[in-house]
There are 2 protein chains.
Amino acid sequence: MNKMKTTNEFPDKIYLTADEIPKAWYNLRADMDKKPAPLINPATGDPVTLEELTCIFTEEGAKQELDETTKFIPIPEEIQNQYRKFRPAPLVRAADFEKAIGTSAKIYYKFEGNNTSGSHKLNSAIAQAYYAKKEGLTHLTTETGAGQWGTALAMSCEKMGLDLTVYMVKCSYEQKPFRREIMKTFGGRVVPSPSMETEAGKKILSENPDNPGSLGVAISEAVETAVTTPSTKYVLGSVLNQVLLHQTIIGLETQVAMKKYGIKPDVIVGCAGGGSNLGGFMAPFLGEQLRGEEHYKFIAAESASCPSLTKGEFKYDYCDTGRVTPMAKMYTMGYDYIPPSNHAGGLRYHGMSPILSEIYHQGLMEAYAYEQHDVFEANTIFARAEGILPAPESGHAIKAVIDEATKFPASKTDTTGPVIVFCLSGTGFFDMVAYGKYNNGEL
Amino acid sequence: MNKMKTTNEFPDKIYLTADEIPKAWYNLRADMDKKPAPLINPATGDPVTLEELTCIFTEEGAKQELDETTKFIPIPEEIQNQYRKFRPAPLVRAADFEKAIGTSAKIYYKFEGNNTSGSHKLNSAIAQAYYAKKEGLTHLTTETGAGQWGTALAMSCEKMGLDLTVYMVKCSYEQKPFRREIMKTFGGRVVPSPSMETEAGKKILSENPDNPGSLGVAISEAVETAVTTPSTKYVLGSVLNQVLLHQTIIGLETQVAMKKYGIKPDVIVGCAGGGSNLGGFMAPFLGEQLRGEEHYKFIAAESASCPSLTKGEFKYDYCDTGRVTPMAKMYTMGYDYIPPSNHAGGLRYHGMSPILSEIYHQGLMEAYAYEQHDVFEANTIFARAEGILPAPESGHAIKAVIDEATKFPASKTDTTGPVIVFCLSGTGFFDMVAYGKYNNGEL
């Protein structure tokens with residue numbers, strides 16, 4: 001349908017009205033003939049049951065985790081009310097960026113960074129905090145690395161009147177004091193991990209009081225606290241089916257906005273860590289393709305420091321370094337994989353969402369891995385052109401967009417370049433140490 | 001007109017369409033019977049001439065500085081195009097904040113922080129960079145303290161293809177590496193001041209190689225570089241008449257949005273440093289009052305660490321610590337005033353815009369000074385309720401809003417509280433050191 005449009009018919013900035021925000025999440029699994037492999041209990045080797053899952057997750061979260069058939073799951077009104085505080089997210093034409101890289105492609109980005117947590121993570125944090133409150137819980141625990149998830153969850157728990165304990169890897173706690181303080185401002189209790197609050201932490205500290213911590217240890221502490229404290233559960237910000245479900249609000253809004261203006265994307269790009277923004281953004285478009293209604297080119301952009309899709313193995317693995325969660329069939333670098341020590345570009349999760357792993361395994365999506373230097377170079381070009389500082393994670397998508405768009409050089413006579421849309425999942429305000437290294441030629 | 005409205009008729013979030021963004025700035029001086037006192041040349045004691053001003057400022061900037069009669073000054077199309085990248089700024093009902101503080105007042109905020117520079121400063125930075133480019137300049141210089149202005153100007157110079165040198169006070173350069181790096185990402189050259197690049201810097205360093213720098217020294221270096229380098233001028237981000245003029249886009253948009261929904265504000269609040277956001281936000285409403293069309297209560301909220309309106313003197317003083325600029329008649333603490341060393345709350349400029357000083361002197365505006373502890377407390381309440389982390393500067397306005405709104409306690413039967421609107425001038429993402437001090441009870 002784009003062929004009939006002149007360049008001027010591609011609007012600059014599409015803001016939906018509040019009424020146009022979708023009122024149900026989309027469950028991609030309902031449209032998949034071959035479903036993702038089930039989570040299994042490592043102790044028994046059997047698929048996990050709803051009962052087992054509710055030991056860890058909220059009841060509604062556990063149901064959503066296992067639901068493979070309900071195509072649309074209504075978004076509760078209270079969650080819709082919270083969404084309206086930062087949604088609809090704008091869909092923006094990156095016209096200056098197109099000029100900067102010299103392409104005839106029309107590039108749009110869905111901007112998820114326009115909220116104080118700085119990323120799309122809030123879409124799922126609000127939902128998970130809401131269900132916890134509804135089920136009578138008073139307290140959630142989680143761990144945080146870069147801090148986007150911890151911040152989003154602190155904001156959400158504050159809204160829902162829940163206490164929150166965030167176990168933050170001790171070296172990050174010390175090296176990222178700003179992330180620590182913003183979580184505190186939103187009422188989160190931030191504990192450097194390993195801590196003396198848990199048996200897991202005490203054991204490690206007794207062996208080495210100077211242990212700098214790791215994500216694996218932080219997860220162990222968060223899970224232990226959840227299991228041993230009344231009215232408390234543990235929540236996660238990526239990888240899980242329920243998280244991808246909540247994140248489909250990104251893709252659904254994008255779909256509504258593009259249809260409103262009669263624009264059909266040709267290429268759909270997202271960055272891939274655990275898969276939360278990629279899956280949420282692509283799911284509604286993947287659904288159209290699975291149902292045979294449309295055809296798109298899907299591109300996942302991952303980090304060369306943690307290339308689960310392009311270099312990992314498709315197998316059952318633990319979702320966490322501490323091996324306390326169920327096992328998932330996914331593309332993985334191995335649960336004990338650690339990115340190179342010079343890695344500053346985000347996307348350091350060892351595995352990939354089981355849904356996206358299955359989609360990739362079916363050949364529906366391409367994947368490319370990018371080096372961090374090239375990612376920060378892409379981010380700097382984008383920042384200067386569009387006036388938005390992207391998160392390092394989002395920069396992987398930008399690099400992929402550049403590679404794709406520059407196949408169609410700018411031309412005065414030929415303006416038929418493809419329409420590329422990507423998810424700008426977050427901002428880089430708390431990643432200036434990494435930008436500084438790039439500015440100083442150290443990446 | 002509000003009396004006829006039910007509570008539900010106050011909408012949550014007002015986004016204007018791009019077409020509704022005003023296309024001319026409003027020059028408040030045209031509606032003032034008694035004009036602000038002119039800038040004077042300290043060497044002669046005479047009012048500065050257009051010719052003298054163009055030694056420092058762009059020609060268009062100098063004209064705007066002296067223009068007391070043109071009521072509406074058209075915004076050039078290229079500036080409008082850049083404004084559309086981050087404007088219209090939303091006008092948002094702070095309903096959860098109303099609940100948190102227990103008031104029947106209806107509180108709206110105009111949110112100017114939705115751009116990567118993080119504040120309203122971009123409104124004038126773009127205009128000043130545009131005029132510099134149009135007049136054939138190739139390079140601008142400025143100094144920066146907290147860094148909002150430097151970031152906005154770096155983004156604007158990048159857009160207009162100008163080089164930029166930012167003299168950043170050396171101790172800030174070292175203590176605020178993130179601000180430094182974001183300016184570099186947008187192509188600004190950031191020089192720790194005092195530097196060996198200028199005579200002023202060399203002199204100071206020869207006396208003390210470890211001099212930590214000051215805003216006064218940084219201004220001297222920026223002005224010296226501008227005067228001694230071809231095609232180069234020096235630009236400022238506050239205090240000046242031209243800056244207030246550009247910032248009227250804030251108030252004009254607010255006016256359009258409120259009129260669109262038939263809402264009349266009763267109280268209009270802003271924070272006051274040099275006056276750039278306060279003046280820009282209030283000017284169109286002050287104009288209505290001066291013309292006898294409406295009556296509002298205007299409140300300026302300043303820092304108790306630098307209380308120029310409430311404790312300063314109304315007199316001619318230098319605009320800068322280094323005494324290189326013209327003198328202005330304004331409320332001032334004295335050009336060599338230095339806020340207490342524990343000051344973390346922003347708003348550290350010693351004087352006040354001459355326009356706003358005259359308005360205040362005529363009794364059109366109230367002013368209150370707030371301690372930084374109370375400001376961060378107000379910011380934390382607002383952040384938790386509304387999910388936006390305010391800049392320390394903006395927090396002064398929030399504190400004033402709380403004081404005003406809580407005069408009208410929440411009530412099930414009486415919902416006739418006033419409509420209060422304030423300017424949320426920026427975000428606090430780069431002020432987490434100060435938030436950390438507050439979180440730890442050190443403010």
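Here, the structure is the one placed above.
Presented here is an overview of the structure given in this document. (Residues numbered from 1 in each chain as written. Chains lettered and ligands numbered in written order. Predicted model: local features only at pLDDT ≥ 70, side-chain atom pairs only at ≥ 80, totals over all residues. Heavy atoms only, no water.)

Here's the deal with the overall build of chain A
Then, number 1: Helices and strands together make up the secondary structure of chain A, namely 17 helices and 15 strands.
Then, number 2: For 443 residues, the compact-globule formula gives about 22 Å, and the C-alpha radius of gyration of chain A, at 21 Å, lands near that figure.
Then, number 3: Going through the 443 residues of chain A one by one, you find that 64% of them count as buried.
Then, number 4: Contacts in chain A between residues far apart in sequence, at least 24 positions, make up 75% of those at least 6 positions apart.
Then, number 5: Within the structure as shown, chain A displays about 15900 Å² of accessible surface, and the carbon and sulfur contribution to it stands at 51%.
Then, number 6: Each charge class in chain A can be summarised by its mean position, and for the 44 positive and 53 negative side chains these summaries are 4 Å apart. (Helix = DSSP H or I, 4+ residues; strand = E, 2+ residues; numbered from the N terminus. Rg over C-alpha atoms; globule rule 2.2 N^0.38 Å. Buried < 20%, exposed > 50% of the residue type's maximum accessible area, 1.4 Å probe, protein only. Contact = heavy atoms within 4.5 Å. Areas by Shrake-Rupley, 256 points an atom, 1.4 Å probe, with all protein chains shown as cover. Lys, Arg positive; Asp, Glu negative; His and termini not counted. Charge placed at Lys NZ, Arg CZ, Asp CG, Glu CD.)

Brief notes about the pattern of salt bridges
Where charged atoms from two side chains of opposite charge come close, those side chains can pair.
Then, number 1: Enumeration over the complete set of coordinates arrives at 47 salt bridges over all chains.
Then, number 2: Of the charged contacts in the structure, one is a salt bridge between Glu288 of chain B and Lys259 of chain B, with a shortest N-O distance of 2.9 Å. Placement of the pair is Glu288 of chain B in helix α12 (residues 276-290) and Lys259 of chain B in helix α11 (residues 241-260), with a sequence separation of 29 residues.
Then, number 3: Lys399 of chain B is the partner of Asp403 of chain B in a salt bridge, and the nearest nitrogen-oxygen pair spans 3.1 Å. Placement of the pair is Asp403 of chain B and Lys399 of chain B together in helix α16 (residues 392-405), with a separation of 4 residues, close to one helical turn.
Then, number 4: One network of salt bridges, in which partners are shared, links Lys85 and Lys159 of chain A together with Asp96, Lys99 and Glu386 of chain B. (Salt bridge = Lys/Arg side-chain N within 4 Å of Asp/Glu carboxyl O.)

Quick look at the sheet that holds strand β7 (residues 163-169) of chain A
All names here are of chain A.
Then, number 1: Here 4 strands make up an open sheet; going across it, the order is β8-β7-β6-β9 and the pairing parallel. Each edge of the open sheet carries a strand with a single partner, namely β8 (189-193) and β9 (232-234). For this sheet the average axis-to-axis angle between neighbouring strands, irrespective of direction, equals 25°.
Then, number 2: Two elements, β7 and β8, share 5 bridges in a ladder whose sense is parallel. (Pairing = 2+ DSSP bridges. Axes fitted to C-alpha atoms, helices over the stretch in contact; angles between N-to-C directions.)

Let's talk about the side chain of Glu112 of chain B
All names here are of chain B.
Then, number 1: Tracing the chain through its elements places Glu112 in the loop between β5 (106-111) and α5 (122-134).
Then, number 2: A polar contact of 3.3 Å, which involves the side chain of Glu112, links it to the side chain of Asn123.
Then, number 3: Sequence-distant contacts of Glu112, defined by excluding residues within four places in its chain, comprise Arg87, Ala89, Ser119, His120, Asn123, Ile250, Cys423, Leu424 and Ser425. (Polar contact = N/O pair within 3.5 Å; in protein donor to acceptor, adjacent residues only side chain to side chain.)

Some details on the interface of chain B and chain A
Then, number 1: Listed as interface residues are 36 residues of chain B and, on the opposing side, 36 residues of chain A.
Then, number 2: For the pairing of chain B and chain A, the buried interface totals around 3300 Å² over both sides, and the portion due to carbon and sulfur atoms is 55%.
Then, number 3: In this structure, Lys159 of chain B and Asp96 of chain A form a salt bridge, with 2.8 Å as the shortest nitrogen-oxygen distance.
Then, number 4: For the pair chain B and chain A, the number of links is 16 residue pairs in polar contact (both at pLDDT 80 or more).
Then, number 5: Going through the elements one at a time, α6 (148-160), α8 (177-185), α15 (372-386) and α17 (432-439) of chain B are the ones with two or more residues in the side of chain B that touches chain A. (Buried area = accessible area lost by both parts, 1.4 Å probe.)

Topic: the sheet that holds strand β5 (residues 106-111) of chain A
In sheet architecture, strand pairing relies on hydrogen bonds along the backbone and comes in two forms, parallel and antiparallel.
Residue and element names in this part refer to chain A.
Then, number 1: Spatial ordering of the open sheet is given by β1-β4-β5-β15-β10-β11-β14, a layout of 7 strands whose pairing is mixed. Each edge of the sheet is formed by a strand with only one pairing partner; in this case those strands are β1 (13-14) and β14 (366-370).
Then, number 2: In terms of strand pairing, β5 meets strand β15 (residues 419-424) through 6 bridges, oriented parallel. From the neighbouring strand, Phe111 faces β15, where its bridge partner is Leu424.

Digging into the relation of the copies chain B and chain A
Then, number 1: Structural alignment of chain B on chain A gives an RMSD of 0.0 Å, achieved by rotating through 180° and translating 0.0 Å along the axis. Those values place the two copies in the arrangement expected of a two-fold rotation axis. (Least-squares fit on C-alpha atoms with pLDDT ≥ 70 in both.)

Section: the packing of helix α5 (residues 122-134) of chain A against helix α11 (residues 241-260) of chain A
Geometrically, a packed helix pair is captured by the angle between its two axes and the distance between the axes.
All names here are of chain A.
Then, number 1: Two numbers describe how α5 lies on α11: the axes approach to 8 Å, and their chain directions differ by 125°. It follows that α5 is oblique to α11 by the angle criterion. In the packing of α5 onto α11, the handedness of the crossing is right-handed. Every residue of α11 that contacts α5 at Asn123, Ser124, Ala127, Gln128 and Tyr131 is listed here: Gln242, Val243, His246, Gln247, Ile249 and Ile250. (Parallel < 35°, antiparallel > 145°, perpendicular 65-115°, else oblique. Left-handed = near helix turned anticlockwise from the far one by under 90°.)

Quick word on the packing of helix α15 (residues 372-386) of chain A against helix α16 (residues 392-405) of chain A
Residues and elements named next belong to chain A.
Then, number 1: Contact pair α15 / α16: the axes reach a minimum separation of 8 Å and the direction vectors enclose 85°. Considering the angle they form, α15 stands roughly perpendicular to α16. Contacts between α15 and α16 involve Asp374, Val375, Phe376, Ala378, Asn379, Ile381 and Phe382 from the former and Pro392, Ser394, Gly395, His396, Ile398, Lys399 and Ile402 from the latter.
Then, number 2: Partitioned by chemical class, the residues of the contact of α15 with α16 number 8 nonpolar, 4 polar and 2 charged. (Nonpolar A, V, L, I, M, F, W, Y, C, P; charged D, E, K, R; others polar.)

Structural notes on the packing of aromatic side chains
Then, number 1: Under the criterion given, the structure shown has 36 aromatic pairs over all chains.
Then, number 2: Here the aromatic rings of Phe314 of chain B and Tyr331 of chain B are separated by 4.7 Å at their centres, their planes lie at 20°, and the arrangement is stacked. On the criterion of sequence distance, the pair formed by Phe314 of chain B in strand β12 (residues 313-318) and Tyr331 of chain B in strand β13 (residues 327-332) is long-range, its members being 17 residues apart. This pair shows no difference in class: Phe314 of chain B is buried, exactly as Tyr331 of chain B is.
Then, number 3: Both rings, one in Phe376 of chain B and one in Tyr438 of chain B, keep their centres 6.1 Å apart while their planes meet at 25°; by these two values the pair is stacked. With a gap of 62 residues between them, Phe376 of chain B in helix α15 and Tyr438 of chain B in helix α17 connect regions that are remote in the sequence. As far as burial versus exposure is concerned, Phe376 of chain B and Tyr438 of chain B are alike and both buried.
Then, number 4: Ring pairing ties together the aromatic residues Phe97, Tyr109, Phe111, Phe382 and Phe422 of chain A, which thus form one cluster. (Phe/Tyr/Trp six-rings, centres within 6.5 Å; stacked < 30°, edge-to-face > 60°.)

Details of unusual backbone geometry
Residue and element names in this part refer to chain B.
Then, number 1: Omega for the bond connecting Arg87 with Pro88 falls within 30 degrees of zero, at -5°, which places this linkage in the cis form.
Then, number 2: Here Pro88 lies in the loop between α3 (77-83) and β4 (91-93).
Then, number 3: In this structure, Pro194 follows Ser193 across a cis peptide bond, with omega equal to 5°.
Then, number 4: The phi dihedral of Ser231 falls on the positive side, at around 55°, and the residue is not glycine.
Then, number 5: Assignment of secondary structure puts Ser231 in the loop between α10 (215-228) and β9 (232-234).

Focus on the environment of Arg291 of chain A
Residue and element names in this part refer to chain A.
Then, number 1: Along the chain, Arg291 falls in the loop between α12 (276-290) and β11 (297-303).
Then, number 2: In the structure, Arg291 is positioned 167 residues away from Ser124 in sequence and 26 Å away in space, judged by C-alpha atoms.
Then, number 3: Here Asp31 takes part through its side chain, which lies 2.8 Å from a polar atom of the side chain of Arg291.
Then, number 4: Engagement of the side chain of Arg291 in a polar contact is seen with the side chain of Glu293, the distance being 2.8 Å.

With respect to the environment of Ala62 of chain A
Residues and elements named next belong to chain A.
Then, number 1: Locating Ala62 in the fold gives a position in helix α2 (residues 59-66).
Then, number 2: Taking the C-alpha atoms as reference, Ala62 lies 26 Å from Cys271; in sequence the two are 209 residues apart.
Then, number 3: Every residue in contact with Ala62, bar those within four places of it in the chain, is listed here: Leu50, Leu53, Thr54 and Phe57.

Brief notes about the environment of Ile420 of chain B
All names here are of chain B.
Then, number 1: Within the element layout of this structure, Ile420 appears in strand β15 (residues 419-424).
Then, number 2: Relative accessible area serves as the criterion here: at 0%, Ile420 is assigned to the buried category.
Then, number 3: The spacing of Ile420 and Val401 is 19 residues in sequence and 7.4 Å in space, taken between C-alpha atoms.
Then, number 4: Excluding residues within four positions of it along the chain, Ile420 makes contact with Ala105, Lys106, Ile107, Tyr108, Val267, Val269, Val401, Glu404 and Ala405.

Observations concerning the pairing of β5 of chain B
All names here are of chain B.
Then, number 1: Taking burial as the measure, the 6 residues of β5 include 6 buried ones, the bulk of the element.
Then, number 2: Burial of β5 is two-sided: the residues Lys106, Tyr108 and Lys110 facing one way and the residues Ile107, Tyr109 and Phe111 facing the other way are all buried.
Then, number 3: Direction of pairing for β4 relative to β5: antiparallel, over a ladder of 3 bridges. Across the sheet, the residue bridging to Leu91 is Lys110, located in β5.

What to know about the state of the cysteines
All names here are of chain B.
Then, number 1: Tallying each qualifying case throughout the model produces 0 disulfides over all chains.
Then, number 2: Here Cys55 is not disulfide-linked; the sulfur of Cys319 is the nearest cysteine sulfur, at 16 Å.
Then, number 3: Residue classification places Cys55 among the exposed residues on the basis of a relative accessible area of 60%.
Then, number 4: Free cysteine Cys171: the closest other cysteine sulfur is in Cys306, separated by 16 Å.
Then, number 5: Overall, Cys171 belongs to the partly exposed group, its relative accessible area being 26%. (Disulfide = S-S within 2.5 Å.)

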